[in-house]
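# Analysis of the macromolecular model
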Amino acid sequence: MTEQRDTPSEPPDDDAESRPERKDTGPGDSGDEANDLRFSEEEQLIHEQIRRHREERERREREQKG
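All values derive from a computational prediction rather than experimental measurement. (Residues numbered from 1 in each chain as written. Predicted model: local features only at pLDDT ≥ 70, side-chain atom pairs only at ≥ 80, totals over all residues. Heavy atoms only, no water.)

The next thing to look at is the overall build of the protein chain. Broken down by element type, the protein chain carries one helix and zero strands. About 7,300 Å² of surface is accessible on the protein chain, with carbon and sulfur atoms providing 46% of the total. (Helix = DSSP H or I, 4+ residues; strand = E, 2+ residues; numbered from the N terminus. Areas by Shrake-Rupley, 256 points an atom, 1.4 Å probe, with all protein chains shown as cover.)

Written out as structure tokens, the structure reads:
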């Protein structure tokens, strides 16, 4: 004879109400910091490209005038 136990079934993964709320602390924070750093570096590169483009344009304009 086998004995059956009443065990609660696990809620489905897609049930949003059964999932715990995510906190703003943990591994995601370091990922957010890395994204911020990458964004900052990309922004610096963009500004550097704009500066070089502007300098090149000004150099060409001076050459055309002179």
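Moving on: the pattern of salt bridges. For the structure on display, the rule yields seven salt bridges. Here Arg 51 ties to Glu 55 by a salt bridge, and the two come within 2.5 Å at their closest N and O atoms. Of this pair, Arg 51 and Glu 55 are both found in helix α1 (residues 27–65), four residues apart, which corresponds to roughly one turn of the helix. For the salt bridge of Glu 61 with Arg 57, the shortest nitrogen-to-oxygen distance reads 3.9 Å. In this pair, Glu 61 and Arg 57 both sit in helix α1, four residues apart, roughly one turn of the helix. Each of Glu 48, Arg 51, Arg 52 and Glu 55 takes part in a single network of salt bridges with overlapping partners. (Salt bridge = Lys/Arg side-chain N within 4 Å of Asp/Glu carboxyl O.)

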